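Spelled out from the first residue to the last, the chains are:
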Amino acid sequence: MKSFFMSKPKSSFIEHFSNSIKYNSDGIYYADSSEIISYPDNGNVNCFEIEENSFWFRHRNNCIIKMIKNFHSSTDGPIFDVGGGNGFVAKGLLDAGLEVALVEPGPTGAINAKKRGVAHVICATTHTAQFKAGTIPAIGVFDVVEHIEDDIGFLKHLWELLVPGGMLYLTVPAYQFLWSQEDVEGGHFRRYTLSNLKKKMRHSGFDISYSSYIFSYLPIPIFLLRTLLNKLNLVESCASDSIKQDHSSPKGIGSKILNLFHNWELLKIRARKRIPLGGSCMVAAKKSD
């Protein structure tokens, strides 16, 4: 039986975008240096345990795929999934017929993504990988920007990496009034509204192609079960068992109601219509000339 980790694939396109990353025998490209990031050390481990069975990760994937397919086809070149963790989004995009390269600074996440079936994995940040300016067709940053203290500087950096007219796709947590202990432990600097997110993106050189909230049913539960309990000092930390329970799909009538919400949101996104509120923001934007 052949080992899962084989020699460098002949079809690999990674070298076109960077001269400073090296291919390793585990099938992953590595940068020569590292960078401190605001993300828990065990973040990828915890996510890997819940992603496959999480209604939240599953629906977010479906929303991301619907949005991207409105603007990007398989002939438009690869999408670089930056800060892509264990490759759950990247694998979803691959299964949808899109070409993807995953960029993840955490070795655990990079290895998990490779095991998951993502062929092109780069263990680095966009800075340590030293990607060439003006070469990348599209970038995805899904629940990443909230981990960056200088978010505008980061958005400008992504703008520089994109080809003229290149696309940026992103999601972030919504509404600062929903701030809770989970944000603190997750290494977040802030939450967003669509208005202030789009303002920062325009300031960074992007034209907004589409924007919407998703998870329209979550703001009230998040506020009651996380934010309010946190304010009342009834929650000291987010235990892994509690997180798993939050991400588990409801049964019976609850499952049917959840599916109705999800299907409605996917129809809205496919039609490029905005959902007026939700627990997350999503945006597709083009690099302006």
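Throughout what follows, the structure given in this document is the object of discussion.

What counts and how
- Along each chain, residues carry numbers from 1 onward, in the same order as the chain's sequence is written.
- Only residues with pLDDT of at least 70 get local features here, since the model is predicted, and only at 80 or more are side-chain atom pairs given and counted; chain-wide, interface and lining totals rely on the full set of residues.
- Here the side-chain values reflect all heavy atoms present in the structure, with hydrogen atoms and water set aside.
- Angles shown run from 0 to 180 degrees and are taken between the N-to-C directions of axes, each axis being a line fitted to C-alpha atoms and, for helices, limited to the stretch in contact.
- Counting from the N terminus, the helices are the DSSP runs of H or I reaching at least four residues and the strands are the DSSP runs of E reaching at least two.
- Orientation categories follow fixed angle ranges, with anything under 35 degrees roughly parallel, anything over 145 roughly antiparallel, 65 to 115 roughly perpendicular, and all other angles oblique.
- Take the far helix as your reference; a near helix turned counterclockwise from it by less than a right angle gives a left-handed crossing, and one turned clockwise gives a right-handed crossing.
- Note on definitions: a residue-residue contact is assigned when non-hydrogen atoms from the two residues lie within 4.5 Å.
- Ten residue types, Ala, Val, Leu, Ile, Met, Phe, Trp, Tyr, Cys and Pro, are classed as nonpolar, four, Asp, Glu, Lys and Arg, as charged, and the remainder, Gly among them, as polar.
- A helix is expected to span 1.5 Å for every residue after the first.
- To sort residues, take the accessible area from a 1.4 Å probe on protein chains only and compare it with the maximum for the residue type: under 20% means buried, over 50% means exposed, and anything in between is partly exposed.
- Strand pairing requires that DSSP identify at least two bridges connecting the strands.

1. Examining the packing of helix α2 (residues 55–69) against helix α10 (residues 253–270)
Taken N-terminus to C-terminus, the directions of α2 and α10 make an angle of 20°; their axes are 9 Å apart at the nearest point. Put simply, α2 runs roughly parallel to α10. Of the two elements, α2 crosses α10, and the hand of that crossing is right-handed. Residues Phe-55, His-59, Asn-62, Cys-63, Lys-66 and Met-67 of α2 touch α10, and the partners they reach there are Leu-258, His-262, Glu-265, Leu-266, Ile-269 and Arg-270. Its residues placed into classes, the contact of α2 with α10 shows six nonpolar, three polar and three charged.

2. Remarks on α2
Each α-helix turn comprises 3.6 residues. Residues three or four places apart therefore point the same way. Compared with an ideal rise of 1.5 Å per residue, which puts 15 residues at 21 Å, α2 spans 21 Å between its outermost C-alpha atoms and is within 8% of the ideal. For α2, a buried count of eleven out of 15 residues is recorded, marking the element as mostly surrounded by other parts of the structure. Every buried residue belonging to α2 is among Phe-55, Trp-56, Phe-57, His-59, Arg-60, Asn-61, Cys-63, Ile-64, Ile-65, Met-67 and Ile-68, and all of these are buried.

3. As for unusual backbone geometry
Look at Gln-130: it is not a glycine, yet its phi comes out positive at around 50°. The residue Gln-130 is located in the loop between β5 (121–123) and β6 (136–142) in this model. You can call Gln-130 exposed: its relative accessible area is 52%. Of note, the phi angle at Phe-215 is positive, near 60°, even though the residue is not glycine. One can find Phe-215 in the loop between β8 (206–214) and α8 (219–231). Overall, the relative accessible area of 0% leaves Phe-215 in the buried class.

4. Considerations on the sheet that holds β6
On the basis of which strands lie adjacent, the open sheet formed by nine strands has the order β1-β2-β5-β4-β3-β6-β7-β9-β8 and mixed pairing. Each end of this open sheet is capped by a strand with a single partner; those strands are β1 (21–23) and β8. Averaged over all pairs of adjacent strands, the angle between strand axes in this sheet comes to 20°, irrespective of strand direction. For strand β2 (residues 29–31) and β5, the ladder comprises two bridges, and the chain directions are parallel. Directly across from Tyr-29, in β5, lies its bridge partner Ile-122. Lying over the sheet, α2 contacts β3 (79–82), β6, β7 (162–173), β8 and β9 (280–287), oriented at roughly 25° with respect to β9. Together, β3, β4 (100–103) and β6 form the strand contacts of helix α3 (residues 88–95), whose direction differs from that of β4 by roughly 175°.

5. Section: the environment of Ser-212
Following the sequence through the fold, Ser-212 ends up in strand β8. Setting aside anything within four residues of it in sequence, one finds Ser-212 in contact with Leu-194, Lys-273, Arg-274, Ile-275, Ser-280, Cys-281 and Met-282.

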